[in-house]
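An overview of the molecular structure
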Amino acid sequence: MLFSTEPKTSLDELFDREVEVERFRSGLNERLVLVLGIRRVGKSSLVLSVLNSLGIDYVFIDVRKLYDDVSRKVPAERIYEELKSSLRRLSLWWRIRDIISEVDVSLGPARLKLSASRIRDGIARILETINNAGRRVVLVLDEAQYLRYSTIGLRPLLAYAYDHLRNITLVLTGSEVGLLNDFLGLNDPSSEFYGRYYYVVELRPFDRGRSMEFLRRGFRELGITVDDRVIERAVDELGGIVGWLVYFGRLYPERGEDAINEVKEVGANLVRAELEELFSRSRYYRYVMEAVAVLGRARWGDVMRYVMARLGTRPTNATLSRDLNNLVKMGFLTKDGDLYSIPDPIIRYAVLKMR
C-alpha cells in the first residue's frame, strides 16, 4: 500500500520511481553506488524494493540507529553486532556462520573494552569470508554519513572492500549529501576513495502534480474519495516529500482535513530533536535557519542582516559562509544560484515554531 509507513520492500509498492529504479539496477554492476536525497524522500524504499525484486543477497544496516546521542559517536561494537545480526538473512549464512563464531570468540564478551582495530579486523575477516563464498552480496549502509562518527575508522575498510572484494557491492545512502562526500573523501587526494569511480542515484521530492497523483492513488487504494481542494492544500503545505504525504494519507480517514495540521504538528515535534542537535553544533545555525525560514528564500546578505538583528553582533563573513555551506552539505538548506531555501516544509514550519 502507498500509505504504509514502513519502508517499501516491493516494486509494486513504489510510486513513480521508474527512472530511479532502472538507474539503481544499472548501478549495481558498479563497485560503489551512492543513493542520495533529502530525509524522508524514499531512499531506503527504493534500495530494498529493487534488491528484493532481483533476488540478490544483501546486508542492510541503518547506521543512523547506531548513533549514540550522548557520546555523538557510532560505537564500534554496535556496528559489529548490527552487521552480525543482518548477516543471518543471507542465503549463504551457513557458509559464514563458523567464521562469525570464530570472530566472536576472538573478540570475547567485553567488546566495549576492545581496541577499534581489533573490531575492524574482525569485520574485515567476515567480509573476506562473504567474498570468498563466491556469491554476489550487496552491502547497504543506510544514512551512511553517520559513519563519520564511527569509532573504528571504516573508510579504509570500505576502500579495501572496493579494491579487493569483488563479490561485494557497496551501496551507501545519504541525506546529508555533502557530509557523505566528505566522509568518503571523494575530492580529497589523501582519501582512499579519491579517484575511485562511483555511481550516483539521486531521489528528489515529487513535483506538485506527482504529489497530488500519489495522494489520489493512495486514497483509491483505501476506497475513499477526497476533494481535490483538500489534496491541493495538503501538497501545498506538506510538499512533495513522501514521508509526510504518507502520514497525511494514514491520518485522513479519521481526521479529515484536520490531518494536514496534525501532520505539521507531529512532524515538527519529530524533527525538533534533529534541529536541537543541529543547533548545538554552531552558535549561528539556529539564526541562519530562522532567517531562511522567515524569508522563504534568502541571499547571503539577507541572512547576515537577520543574524545581526537577532544577536546584536556580526559574525565574520567566513563564519557565516562556512555555516551556510555546512547546512547545505547536511541537507537542511538548498542553494539555487545565490538563494538559499529549506527543502522540507515541515522543517521550515518547525524552525518558525521554535523562534
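Refer to the structure printed above.
Residues numbered from 1 in each chain as written. Predicted model: local features only at pLDDT ≥ 70, side-chain atom pairs only at ≥ 80, totals over all residues. Heavy atoms only, no water.

Glancing now at the overall build of the chain. On a plain count of helices and strands, the chain comes out with 15 helices and seven strands. Its C-alpha atoms give the chain a radius of gyration of 22 Å, near enough to 20 Å, the size a compact globule of 355 residues would have. Projected onto its principal axes, the C-alpha positions of the chain cover 60 × 55 × 35 Å. Looking at the chain residue by residue over its 355 residues, the buried ones come to 53%. (Helix = DSSP H or I, 4+ residues; strand = E, 2+ residues; numbered from the N terminus. Rg over C-alpha atoms; globule rule 2.2 N^0.38 Å. Buried < 20%, exposed > 50% of the residue type's maximum accessible area, 1.4 Å probe, protein only.)

This paragraph deals with helix H10 (residues 242-255). Its 14 residues give H10 an end-to-end C-alpha distance of 19 Å, which sits within 8% of 20 Å, the value for a rise of 1.5 Å per residue. Here the buried face of H10 lies against helix H8 (208-222), helix H9 (228-238), helix H11 (258-279) and helix H15 (345-353). Phi turns positive one or two residues past the end of H10, at Gly-256, with a value near 65°. (Expected span 1.5 Å × (residues − 1). Contact = heavy atoms within 4.5 Å.)

Here the focus is the packing of helix H3 (residues 76-87) against helix H5 (residues 116-132). Running from N to C, H3 and H5 cross one another at 20°; their axes reach a closest spacing of 10 Å. Taken together, the axis directions place H3 and H5 in an arrangement best described as roughly parallel. H5 is crossed by H3, and the crossing has left-handed handedness. Side by side, H3 and H5 meet where Ala-76, Glu-77, Ile-79, Tyr-80, Leu-83 and Leu-87 of the first sit next to Ile-119, Ile-123, Ile-126 and Ile-130 of the second. In terms of residue class, the contact of H3 with H5 is made up of nine nonpolar, no polar and one charged. (Axes fitted to C-alpha atoms, helices over the stretch in contact; angles between N-to-C directions. Parallel < 35°, antiparallel > 145°, perpendicular 65-115°, else oblique. Left-handed = near helix turned anticlockwise from the far one by under 90°. Nonpolar A, V, L, I, M, F, W, Y, C, P; charged D, E, K, R; others polar.)

Given a rise of 1.5 Å per residue, 15 residues ought to cover 21 Å, and the 20 Å separating the end C-alpha atoms of helix H4 (residues 93-107) matches this to within 8%. What H4 keeps buried is the set Trp-93, Ile-96, Ile-99, Ile-100, Val-103, Asp-104 and Leu-107. At its buried positions, H4 is contacted by H3 and H5.

A few words on a nonpolar patch on the surface. The grouping of Val-294, Leu-295 and Leu-352 at the surface amounts to a nonpolar patch, some 210 Å² of accessible area in total. Position of Leu-295 among the secondary structure elements: in helix H12 (residues 285-295). Leu-295 gets classed as partly exposed once you look at its relative accessible area, which sits at 43%. (Patch = residues over 30% accessible without salt bridge, like charges linked within 9 Å, V, L, I, M, F, W, Y side chains within 5 Å. Areas by Shrake-Rupley, 256 points an atom, 1.4 Å probe, with all protein chains shown as cover. Salt bridge = Lys/Arg side-chain N within 4 Å of Asp/Glu carboxyl O.)

Aromatic ring pairs are defined here through the distance separating the ring centres and the angle between the ring planes. Tallied over the entire structure, the rule returns 12 aromatic pairs. For the pair Tyr-67 and Tyr-149, a centre-to-centre distance of 5.0 Å together with 45° between the ring planes defines the contact as tilted. You can see Tyr-67 sitting in the loop between strand S2 (57-62) and H3 and its partner Tyr-149 sitting in the loop between strand S3 (137-142) and helix H6 (155-164), a full 82 residues away along the chain. Each member of the pair, Tyr-67 as well as Tyr-149, carries the same accessibility label: buried. Each ring, one from Tyr-146 and one from Tyr-149, has its centre 6.2 Å from the other, and the planes form 55°; the classification is tilted. Classification of Tyr-146 by relative accessible area gives buried; the value is 14%. A connected cluster of aromatic rings, assembled from ring pairs, spans Phe-3, Phe-15, Phe-206, Phe-214, Phe-219, Phe-248 and Tyr-252. (Phe/Tyr/Trp six-rings, centres within 6.5 Å; stacked < 30°, edge-to-face > 60°.)

Take the nonpolar core next. If you look at the biggest cluster of nonpolar residues, it comprises 79 residues, and the most contacted ones within it are Phe-24, Phe-214, Leu-215, Phe-248 and Leu-275. Not counting residues within four places of it along the chain, the set of residues in contact with Phe-248 comprises Leu-215, Phe-219, Val-230, Ala-234, Leu-238, Ala-259, Ile-260 and Val-263. Formed by 52 residues, the second largest nonpolar core is a distinct cluster that contains Val-63, Tyr-80, Ile-130 and Leu-158. (Core = buried A, V, L, I, M, F, W, Y, C linked by side-chain atoms within 4.5 Å.)

Our focus in this paragraph is the environment of Leu-154. Looking at the element boundaries, Leu-154 is found in the loop between S3 and H6. In the structure, Leu-154 is positioned 26 residues away from Glu-128 in sequence and 15 Å away in space, judged by C-alpha atoms. What Leu-154 contacts, discounting residues up to four positions off in sequence, is Ile-79 and Leu-147.

Note on placement: Ser-45 falls in helix H2 (residues 43-54). Residue classification places Ser-45 among the buried residues on the basis of a relative accessible area of 10%. Dropping the residues within four chain positions of it, Ser-45 is found in contact with Pro-7, Lys-8 and Leu-14.

So, about the pattern of salt bridges. Tallied over the entire structure, the rule returns 37 salt bridges. In this structure, Glu-202 engages Arg-204 in a salt bridge whose closest nitrogen and oxygen atoms are separated by 3.4 Å. Exposure remark for Glu-202: the relative accessible area of 43% places this residue in the partly exposed category. For Arg-208, the salt bridge identified is with Asp-236, shortest N-O distance 2.9 Å. Taken as a pair, Arg-208 in helix H8 and Asp-236 in helix H9 lie far apart in primary sequence, 28 residues in all. By sharing partners, the salt bridges in this structure join Arg-39, Arg-40, Arg-148, Glu-176 and Glu-274 into a single network.

The subject of this paragraph is unusual backbone geometry. Of note in the backbone geometry, Asp-16 takes a positive phi value of approximately 55° without being a glycine. Among the structural elements, Asp-16 can be located in the segment before helix H1 (18-27). With a phi angle near 65°, Arg-40 is a residue other than glycine that sits in the positive phi range. Exposure remark for Arg-40: the relative accessible area of 25% places this residue in the partly exposed category.

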